[in-house]
Amino acid sequence: MNSRTELAPAVQSILEAARERSGGDGERLSVEARSLPDALARAEAEGRVPIIAEVKPTSPTADGTRADDPVELAEAMVEGGAAAISVLTEPSHFGGSPEALARVREAVDVPVLRKDFVLDEDGMDVVEADLLLLIARFVGVREPSGSRASQNPPGSDADLEELIAAARERGFQPLVEVHDREELETALEAGAEIIGVNNRDLARLEVDLGTFESVGPHARRLCRLDESSGGTARHAPDDVTLIAESGVSTPGDVRRMREAGADALLVGSAIMDHGGNSDVSENVRRLTRATNLGGETDHE
Ligand SMILES: O=C(O)c1ccccc1NCC(=O)[C@H](O)[C@H](O)COP(=O)(O)O
């Protein structure tokens, strides 16, 4: 076991549940996605920090459960200035459902991310969404020879490049989540254009904003390197949309992630306020205004 293979018991349980869940009804989905980069640019143009606000009823690290109607939560988040919405659809550890996401997407006009643990192509054909999460740690990679890499996670039949292609064929924008520089390089090689760097480690579930500070700027460097080598040294896009995920709770955290190069921030717990039931609209607004606050402290 090392920090890359060690998984917290809650994460192992989430993965087992994901393997047991069936995919869709066999019909391949075809989605007309709302563009995330466009939504982020709109927020920027209107002077808001681009926040992807997460409808997250509960989680293994949450203080409790928030049973509010997901549509009311999502509408309030958009009213507070959220550029996009993320909906947890995992049922047994996060209290989510594909039905909740379908209702949310019907009700709001911003892009909606399906946040779940999709391990294969079948798992994609469950519900329409604008973005689909793929977690690099949980899917395999292929050797240059075409054979499956020996370090692939047990039980993963699919490989990241194939899953990215399969998601795009359905019309989804794949958001590839990474936890370190090695996974980032794998994601770029596999053709990811939207990358989420998760500050929550999967071994202890602790959050450290230093993760994004280490991985985010490395992504920009690799893209520049590729451009200056005429695209021959490695396959990286000209640029990527970089999202800082997890552990962001104060305007100071927002500023810190933006200074490290985050195009957007994915925030769940601080907005949902599981223990306190505060106004999610106001919680989003406070974060979208973070860079306009001048000398304001984190204790407002
Ligand atoms: O949030 C958890 O407790 C958790 C535990 C185990 C695996 C994943 C988990 N969270 C998934 C996420 O990525 C977050 O919901 C998302 O990034 C928002 O994080 P936060 O703002 O810290 O709620």
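Residues numbered from 1 in each chain as written. Predicted model: local features only at pLDDT ≥ 70, side-chain atom pairs only at ≥ 80, totals over all residues. Heavy atoms only, no water.

(A) How the structure looks around the confidence of the model for the protein. Considering every residue of the protein, the mean pLDDT works out to 89; 85% of them sit at 70 or more. Taken together, the chains of this predicted complex give a pTM of 0.92 and an interface ipTM of 0.98. (pLDDT = per-residue confidence, 0-100.)

(B) Highlighting helix α1 (residues 9-20). Over its 12 residues, α1 runs 17 Å from end to end, which matches the ideal 16 Å to within 8%, given 1.5 Å per residue. Listed in full, the buried residues belonging to α1 are Val11, Ile14, Leu15, Ala17 and Ala18. Summarising the axial view, the buried residues of α1 lie within an arc of 160°, below the 170-degree limit, and thus occupy one face. In α1, the exposed positions angled more than 90 degrees off the buried face are occupied by Pro9 and Glu20. (Helix = DSSP H or I, 4+ residues; strand = E, 2+ residues; numbered from the N terminus. Expected span 1.5 Å × (residues − 1). Buried < 20%, exposed > 50% of the residue type's maximum accessible area, 1.4 Å probe, protein only. Arc of directions from axis to C-beta.)

(C) Looking closely at the packing of aromatic side chains. Scanning the model with the defined rule gives 2 aromatic pairs in all. Judged by centre distance (6.4 Å) and plane angle (40°), the rings of Phe117 and Phe138 are tilted. Of this pair, Phe117 sits in the loop between β3 (112-115) and β4 (131-135) while Phe138 sits in the loop between β4 and α5 (160-169), and the two are 21 residues apart along the sequence. Through a chain of ring-to-ring contacts, the aromatic side chains of Phe94, Phe117 and Phe138 assemble into a single cluster. (Phe/Tyr/Trp six-rings, centres within 6.5 Å; stacked < 30°, edge-to-face > 60°.)

(D) Structural detail: the side chain of Lys115. Mapped onto the elements, Lys115 comes out in strand β3. One polar contact links Lys115 to Glu177, side chain to side chain, over a distance of 3.4 Å. Apart from residues lying up to four places away in sequence, Lys115 is in contact with Glu54, Ser86, Val87, Leu88, Thr89, Glu90, Leu133, Glu177, Glu245 and Leu266. (Polar contact = N/O pair within 3.5 Å; in protein donor to acceptor, adjacent residues only side chain to side chain. Contact = heavy atoms within 4.5 Å.)

(E) A look at the pairing of β4. Summarising burial for β4: 5 of the 5 residues are buried, a large majority. Residues Leu131, Leu133 and Ile135 point to one face of β4 and Leu132 and Leu134 to the other, with burial holding for every one of them. Sheet analysis places β3 next to β4, joined by 2 bridges and oriented parallel. When the sheet's bridge partners are listed, Leu113 is paired in β4 with Leu131. With 5 bridges connecting them, β4 and strand β5 (residues 173-178) associate as parallel partners. Within β5, the residue paired with Ile135 across the bridge is Glu177. (Pairing = 2+ DSSP bridges.)

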